[in-house]
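Chain by chain, the residues run as shown.
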Amino acid sequence: MTCINGYDYILDCSYNYLFLTNIFLNVHRSQRAHADQILRDLQNNPDMWLQVVHILQQTKSLNTKFFALQVLEGVIKYRWNALPVEQRDGMKNYISEVIVQLSSNEASFRAERLYVNKLNIILVQILKHDWPARWRSFIPDLVAAAKTSETICENCMAILKLLSEEVFDFSRGEMTQQKIKELKQSLNSEFQLIHELCLYVLSASQRTELIRATLSTLHAFLSWIPLGYIFESTLLETLLKFFPVPSYRNLTLQCLTEVAALNFGDYYNVQYVKMYDIFMVQLQTILPSITNLPEAFAQGTSEEQAFIQNLALFFTSFYKVCLDYWNSLVLELFDAHHNMDNPAVTTNMMGLQVPLVPGMVDGLGSQLLQRRQLYAGTMSKLRMLMICRMAKPEEVLIVEDENGNIVRETMKDNDVLVQYKIMRETLIYLSHLDHEDTEKQMLKKLSKQLSGEDWTWNNLNTLCWAIGSISGSMMEEQENRFLVMVIRDLLNLCEITKGKDNKAVIASNIMYVVGQYPRFLRAHWKFLKTVVNKLFEFMHETHPGVQDMACDTFLKIVQKCKRKFVIVQVGENEPFVSELLSALATTVTDLEPHQIHTFYESVGHMIQAESDPHKRDEYLQRLMELPNQKWGEIIGQARQSVDFLKDQDVIRTVLNILQTNTSVASSLGTYFLSQISLIFLDMLNVYRMYSELISNTIAEGGPFASKTSYVKLLRSVKRETLKLIETFLDKAEDQPQIGKQFVPPMMDPVLGDYARNLPDARESEVLSLFATIINKYKAAMIDDVPRIFEAVFQCTLEMITKNFEDYPEHRLKFFSLLRAIATYCFPALILLSSQQLKLVMDSIIWAFRHTERNIAETGLNLLLEMLKNFQASEFCNQFYRTYFLSIEQEIFAVLTDTFHKPGFKLHVLVLQHLFCLVESGLLTEPLWDAATVPYPYPNNGVFVREYTIKLLSTSFPNMTAAEVTQFVNGLFESRNDLSTFKNHIRDFLVQSKEFSAQDNKDLYAEEAALQRERERQRMLSIPGLIAPNEIQDEMVDS
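**Concerning the overall build of the protein chain**
So, step 1. Tallying secondary structure elements over the protein chain gives 51 helices and 2 strands in all.
So, step 2. Looking at the protein chain as a whole, 51% of its 1038 residues are labelled buried.
So, step 3. Within the protein chain, residue pairs in contact and separated by at least 24 positions form 74% of the contacts whose partners lie at least 6 positions apart.
So, step 4. Carbon and sulfur atoms form 53% of the exposed surface of the protein chain, whose accessible area is close to 48300 Å².

In structure tokens form, the structure reads like this:
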């Protein structure tokens, strides 16, 4: 007894300390730390749970009881199956008895309600392990107990509700898939007893609390029970009797909403319609049709407000919000219309579970037509509503702030973007259902903008966002006619409207609309030219956001229409690109550097479309005339005095010139060769000089010198130089002579500089540049790999293996370089000494241990490349004898670490490779060390099986030897079937409790990606659902 009083005292003091420290934040911190430590020590004691029953029997303190149950809950979650049968049964029986004892008496049930609720949770946690296999009589026992007392019955309802939620709502990631399936089958097969109990209570009890508990339990069950229990019993009739009663109204309405949301085709239509009719009659009494709902909601009690919210959910058939409801209804109407040529699909859509017979098809068409006509008026009103309320798309940068001013948007509103996506999709379906009405409504609203009758910023914005959103949904001929009128009216509106803000709003809308319709612009040169010239006008408009949007829209249009700019159009004397280049200096005069870079990238796309090499080179020379002229002046001055290059303004100019070159290289690719050849050697000389300047500055000024603005600016030039070379080599077509021309001169200025530099002065871009070079030129780089290794390997490893935080960019790019070498220059790795190879393998393990997702994934991909390449090499036995066991151990370590869940797919692939390899017979030498393992195993498969069982048994003491053995045997049995192998490992992670009570979506990332791809394919099949400018395949110019 003294011991229990001690627990009470400790826990009460602990909770009091915590309470006081919450009030007096900075007072008694030592007491709070002391209290925390006491609680942790008690909870971590592996034998503490053996005292739980004793504590619960003796203590009067609720805090102590809760703490004891918390300890017990941990044991049930993590160690239950490893406990002896007697201890499991003893604990199970004790918890059941206490629940019955406390809930059989009204006074104790109410007084100890929190305690009973916690005991219920503990019981359900036990059930997840023991039911049905080790506790087959649980449901009959529970139902029998419920019939002995109304308070026991009320608590039994709470237990059943908890069980339903655990199995159907929260099971994924908490239990193995086999266990979930087993529990669902058990609940379904024994639901008749639960169903009879619920109906009995609702028909016989007068006790409010019990009826409410029963309705609440039914609400949890209705979404999954067999439909016969709902529609072939008196359940619906019983529920509708409770609906008019105020104390049960909300719970009943929630149950009816679950029924309304069920998907059951036409089979139970009669019962469903009857339910709806009775419900509507009852609703008229409760809420007359003349009721002002917004006013009633504003003035109502919390119960009345909840009723109106529940009513909205009922009427929208359990859709979360009104917009989702309209989206779903319109999609259903569209699908039926879209699939009229496929009657089998159409009958499915309408819920008809009958085979088609001759003569039905015409009848279906008639039904669909009638249904469309029935909704036509509503759909027309909905179109206008969507047009008037359209949310803002991501491309629009110019917005109205809270003060009514037109400003540049600084931060994206993700909620608005989600809303736009749903509204856009809904409006596209509406457009397909009636193109004529869509066009008519939009043009009518636009004419009111021109006349001034309906002119406001918001009205024009929403209209133009709606017009842009339906791009691609109309037939080309109709779209052409529609766009001619829209663009003409918008350009006229821009001419006749006065005021800077007004013009900025109109400009924004013109740019958005034209950017959405590349197909129209390609087919109408005069409109295309007019629009582009208008964009050039907007590039001189200094209103915030207008120039950015003009440059972005120009790039978007050029990417889809580039051929149009390099051919001589009817009525023109020269291609548009030539005309543009003549006026280039004037066009970009008011643009900021980053906007000029976008402009140059756009013109690069035009030049890339020119098929005549002489014209292409001429256009490129004219495009680069201004930056080349400035570059020539700077290099000329530097030859006279190298100190000229140290001036900060000169450094900024050099950086800007390099960035302009990078922009053009990104769009021109191989055709940028003549330009980069012109500046390449001078660029490397500047690189070398700036590198020496950085090193000297850091050597003289210490580590803090690397943080100065001057050094940062110098490093920006170095990085941009590397980025320019990498961009060109990456975009250039696979031409070996380009590699031979550019790689050798870089060896010393770039690689040698990296090796010589201080760690803080090494550019990570060097690593990504050489990764790109190897990925591009593949085996041709084998002879250069030793030089690359010599320059970057040892010095980079020293930088990144001290901790997981320093030099994050170097980490990722270093492992990307290693992966490129392993993939394309593997023979060079075989030539490494054993010490160097060990460094490589250690660094790979270091990589996939990293908690940064990109680094870990790069390390795992690199490991897979190494494993496959060594398996196919003559050094297979030697490599795997050295590294097999350590790789397996390290992979299991990260696999069972919740911080590494995103790497699950790759962990599985590595393990599958290892288990397949060990059973393949390719490893002809033993993996065990004969000196330390006296037992001669018959083969490597038997050894690895036993090694893995020992490894996992040591790591997971909460699992029985039988469970671990079953898991390992399952790995070997399923190794050739990736899907089964993966599911087997998922179940193990849940069973081991490492991943319980966590967000485990990363374990299902592959399935989610497949679902996203299926949805994309569906969207691609519906014209307009994916906007033409979002489709990656280049649109061919006619």
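On we go.
**Structural notes on unusual backbone geometry**
So, step 1. Along the chain, W131 connects to P132 via a cis peptide bond; the corresponding omega equals 5 degrees.
So, step 2. A positive phi angle, near 50 degrees, is found at K778, a position not held by glycine.
So, step 3. Relative to the assigned elements, K778 resides in the loop between α40 (765-777) and α41 (785-800).
So, step 4. Judged by its relative accessible area of 34%, K778 is partly exposed.
So, step 5. In this structure, Y807 is a non-glycine residue whose phi angle is positive, near 50 degrees.
So, step 6. Position of Y807 relative to the elements: it lies in the loop between α41 and α42 (808-824).

**Some thoughts on the packing of helix α34 (residues 625-640) against helix α35 (residues 648-668)**
So, step 1. Where α34 meets α35, the axes come as close as 10 Å, and the angle between the chain directions of the two elements is 140 degrees. Considered as vectors, α34 and α35 are oriented oblique to each other. Both α34 and α35 take part in a crossing whose hand is left-handed. Along its contact with α34, which presents P627, K630, W631 and I634, the element α35 presents V650, T653, V654, I657, L658 and T660.
So, step 2. Residue composition of the contact of α34 with α35, by class: 7 nonpolar, 2 polar and 1 charged.

**A word on the pattern of salt bridges**
So, step 1. One pass over the full model with this rule turns up 42 salt bridges.
So, step 2. K950 is the salt-bridge partner of E946, the closest N and O atoms lying 3.3 Å from each other. Taken together, the residues span about one helical turn, with E946 and K950 both in helix α48 (residues 940-955) at a distance of 4 residues.
So, step 3. Classification of E946 as partly exposed rests on a relative accessible area of 32%.
So, step 4. One connected set of salt bridges, linked through shared partners, spans R715, K718, R719, D753, E763, E765, E809 and K813.

**Considerations on the side chain of T59**
So, step 1. When you line up the elements, T59 lands in the loop between α3 (52-58) and α4 (62-79).
So, step 2. Side-chain polar atoms of T59 contact the backbone nitrogen of S61, separated by 3.1 Å.

**Focus: the environment of Y512**
So, step 1. Tracing the backbone shows Y512 in helix α26 (residues 500-516).
So, step 2. Considering only alpha carbons, one finds Y512 and N461, 51 residues apart in sequence, at a separation of 9.9 Å.

**Some details on helix α45 (residues 853-871)**
So, step 1. With 19 residues, α45 extends 27 Å between its outermost C-alpha atoms, agreeing within 8% with the 27 Å of an ideal straight helix rising 1.5 Å per residue.
So, step 2. Those residues of α45 hidden inside the fold are in contact with α42, α43 (826-830), α44 (834-849), α46 (876-895) and α47 (904-920).

**Examining the packing of aromatic side chains**
So, step 1. Tallied over the full model, the rule gives 42 aromatic pairs.
So, step 2. Where F221 meets W224, the ring centres are 5.1 Å apart and the plane angle is 40 degrees; that geometry is what we call tilted.
So, step 3. Clustering of aromatic rings is evident, with ring pairs tying together F243, Y276, F279, F307, F314 and F315.
So, step 4. The positively charged end of R945 is found above the aromatic ring belonging to F972, 4.2 Å away from the centroid.

**Re the packing of helix α11 (residues 191-204) against helix α12 (residues 208-221)**
So, step 1. Running from N to C, α11 and α12 cross one another at 145 degrees; their axes reach a closest spacing of 10 Å. The handedness of the crossing between α11 and α12 is left-handed. Along the contact surface, α11 presents F191, I194, C198, V201 and L202, while α12 presents L210, I211, T214, L215, L218 and F221.
So, step 2. Looking at the contact of α11 with α12, its residues break down into 10 nonpolar, 1 polar and no charged.

**Thoughts on the confidence of the model for the protein chain**
So, step 1. On average, residues of the protein chain score 84 in pLDDT, and 88% of them are at 70 or above.
So, step 2. Here residues 9-27 is modelled with pLDDT under 50, and outside its nearest four sequence neighbours on either side it reaches 21 contacts, counting other chains as well.
So, step 3. Across residues 994-1000, confidence stays below pLDDT 50; counting only partners more than four residues off in sequence or on other chains, it has 23 contacts.

**A look at the side chain of E890**
So, step 1. Structurally, the position occupied by E890 is in helix α46.
So, step 2. Setting aside anything within four residues of it in sequence, one finds E890 in contact with I845, F848 and R849.

**With respect to helix α18 (residues 302-315)**
So, step 1. The terminal C-alpha atoms of α18, which comprises 14 residues, lie 20 Å apart, in line with the 20 Å expected from a rise of 1.5 Å per residue.
So, step 2. On its buried face, α18 sits against α15 (246-260), α16 (269-286) and α17 (293-299).

**Describing the environment of K65**
So, step 1. Inspection of the secondary structure assignment puts K65 in helix α4.
So, step 2. You can call K65 buried: its relative accessible area is 9%.
So, step 3. Linking K65 and Y115, residues 50 residues apart in sequence, is a C-alpha distance of 7.8 Å.
So, step 4. Every residue in contact with K65, bar those within four places of it in the chain, is listed here: L56, T59, E112 and Y115.

About the cut-offs
- Residues numbered from 1 in each chain as written.
- Predicted model: local features only at pLDDT ≥ 70, side-chain atom pairs only at ≥ 80, totals over all residues.
- Heavy atoms only, no water.
- Helix = DSSP H or I, 4+ residues; strand = E, 2+ residues; numbered from the N terminus.
- Buried < 20%, exposed > 50% of the residue type's maximum accessible area, 1.4 Å probe, protein only.
- Contact = heavy atoms within 4.5 Å.
- Areas by Shrake-Rupley, 256 points an atom, 1.4 Å probe, with all protein chains shown as cover.
- Axes fitted to C-alpha atoms, helices over the stretch in contact; angles between N-to-C directions.
- Parallel < 35°, antiparallel > 145°, perpendicular 65-115°, else oblique.
- Left-handed = near helix turned anticlockwise from the far one by under 90°.
- Nonpolar A, V, L, I, M, F, W, Y, C, P; charged D, E, K, R; others polar.
- Salt bridge = Lys/Arg side-chain N within 4 Å of Asp/Glu carboxyl O.
- Polar contact = N/O pair within 3.5 Å; in protein donor to acceptor, adjacent residues only side chain to side chain.
- Expected span 1.5 Å × (residues − 1).
- Phe/Tyr/Trp six-rings, centres within 6.5 Å; stacked < 30°, edge-to-face > 60°.
- Lys NZ or Arg CZ within 6 Å of the ring centre and 35° of its normal.
- pLDDT = per-residue confidence, 0-100.

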